[in-house]
Amino acid sequence: GKNRIFFFGRTLAGGDWWKNLYTLLLLIGTSVMYAAVPEAWLTKNFQAAGITFIVMTKILLTMAISAWILAALADPGIIPRSETPPEDLPEIIPSGHVAVKEVVIKDVEVQLNYCRTCKIWRPPRSSHCRVCDNCVETFDHHCQWLGNCVGSRNYGAFYLFVLHTQLLALVTLAGSITYLVLFTNQTADERDVSGSQAFNIILSESPAAVGLVSGIICFLIILMFGPLLVVHTRLILANKTTKEYLTKKTWPDGKPYDDEQGWQHCKTVVFSERRESTMWKSYHPPDAYLEADEALEVGADEKAVAEDKKDVEVVIENDESVEVAVGNEEDVGVAVDSREAVEKHGTDLAAAPKPILPSEQTSQYKDPTTVSKDTS
């Protein structure tokens, strides 16, 4: 796909990953402007109020950025692609149609759509993201604020990001308004002028305009994130994804997934441990694969290393040259002949477990594959 992979699969970003930098700049930039003028003035002139706003904004900013990192730089639930089409795929798929296979999941008969790009049967509730060019499990939507898809592995972090950003904007707006009101009243009393005149004075003679700008930005963030927070709160309580809500997806024969409702599902989404990333697995294959790779490397180099329990190490360069390194001179007698070491190494490699490739796995699907009109 178009995702950017970092740190050997530990983190990744979406196809339009650069957009999440704008979100981070917006969070940090607005917080810096607020801290430089309104927060500093409140702490100096009204210490109790200033300290209260400092504690609240810094905690919320930390939580918002943490949630942003977990949502924007995490695998949303990408389903690995297949190099070859599945064996039960029809040989001919008419143009404008999509292959469909009927399976039974949790005693519910559902249809799996075939993804031409990823060459897989998509599980229920999954979809192919056009921006990231990958199939995502429990696909919700592609978020412009994160530059990443929102799916089964990062939906909880996405919701916390929206929640904490909304709360941060509310507190920062309240602090900016408090600063402007108190500063205006103080100036009006000192110069014996009206409130509107005092407000014009502080804007022209002090950096109060910075506080006004930070307040306006926070107000706009509230207008954007407020409806988003309400919508996703309702979707979590109803156990629906954004795509299911927009397409009015229904399950007439029952739902092929755990149908949690209300706050129980909200608790599961937000606080449950995320399953292991398939992207991380792809960079850390099973031990059988690693052993097979090591065997190939040793065979190609014609090199083997043998160790016994007494720190005796035999390094075989070829059939005629043997170098022995021992931890104790008395253990030299246990060194093996080069030919024996080669034979023993070959025996160990032959006994190593062989990896089970995806193409060798037995399909659990029972019903035949059909082809239907693509209505999506």
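Residues numbered from 1 in each chain as written. Predicted model: local features only at pLDDT ≥ 70, side-chain atom pairs only at ≥ 80, totals over all residues. Heavy atoms only, no water.

Asker: Account for the overall build of the protein, with residues named and values stated.
Answerer: Scanning the protein from N- to C-terminus turns up 10 helices and 13 strands. Buried positions account for 36% of the 376 residues belonging to the protein. At a minimum sequence separation of 6, the contacts of the protein that also span at least 24 residues come to 62%. (Helix = DSSP H or I, 4+ residues; strand = E, 2+ residues; numbered from the N terminus. Buried < 20%, exposed > 50% of the residue type's maximum accessible area, 1.4 Å probe, protein only. Contact = heavy atoms within 4.5 Å.)

Asker: Which residues make up the environment of alanine 209, and what values go with them?
Answerer: Mapped onto the secondary structure, alanine 209 falls in helix H5 (residues 208–238). Sequence separation of alanine 209 and valine 37 is 172 residues, and the distance between their C-alpha atoms is 9.1 Å.

Asker: Give a detailed account of unusual backbone geometry, specifying residues and quantitative values.
Answerer: Although it is not a glycine, arginine 125 adopts a positive phi angle of roughly 75 degrees. Secondary-structure assignment places arginine 125 in the loop between strand E5 (120–121) and strand E6 (127–129). What makes arginine 125 buried here is its relative accessible area of 16%.

Asker: Can you explain the pattern of salt bridges? Please cite residues and give values.
Answerer: Summed over the entire model, instances satisfying the criterion amount to five salt bridges. Across the pair glutamate 39 and lysine 58 runs a salt bridge whose closest N-O atoms are separated by 2.9 Å. Taken together, the positions of glutamate 39 in helix H1 (residues 19–45) and lysine 58 in helix H2 (residues 47–72) put the pair 19 residues apart, joining distant regions of the chain. (Salt bridge = Lys/Arg side-chain N within 4 Å of Asp/Glu carboxyl O.)

Asker: Talk me through the packing of aromatic side chains; I want residue IDs and the actual numbers.
Answerer: Taken as a whole and assessed by the stated rule, the structure comprises 10 aromatic pairs. Where phenylalanine 161 meets phenylalanine 225, the ring centres are 5.9 Å apart and the plane angle is 75 degrees; that geometry is what we call edge-to-face. Here the residue phenylalanine 161 occupies a position in helix H3 (residues 155–191), and phenylalanine 225 occupies one in helix H5, the gap between them amounting to 64 residues. In this pair, the class of phenylalanine 161 matches that of phenylalanine 225, namely buried. Pairwise contacts between aromatic rings join Trp41, Phe46, Tyr179 and Phe183 into one cluster. Taking the ring centre of tyrosine 257 as reference, the NZ or CZ of arginine 125 above it sits at 3.8 Å. The cationic tip of lysine 249 hangs over the ring face of tryptophan 251; the distance from NZ or CZ to the ring centre is 4.6 Å. (Phe/Tyr/Trp six-rings, centres within 6.5 Å; stacked < 30°, edge-to-face > 60°. Lys NZ or Arg CZ within 6 Å of the ring centre and 35° of its normal.)

Bear in mind that shape data such as this cannot, by itself, settle questions of function.
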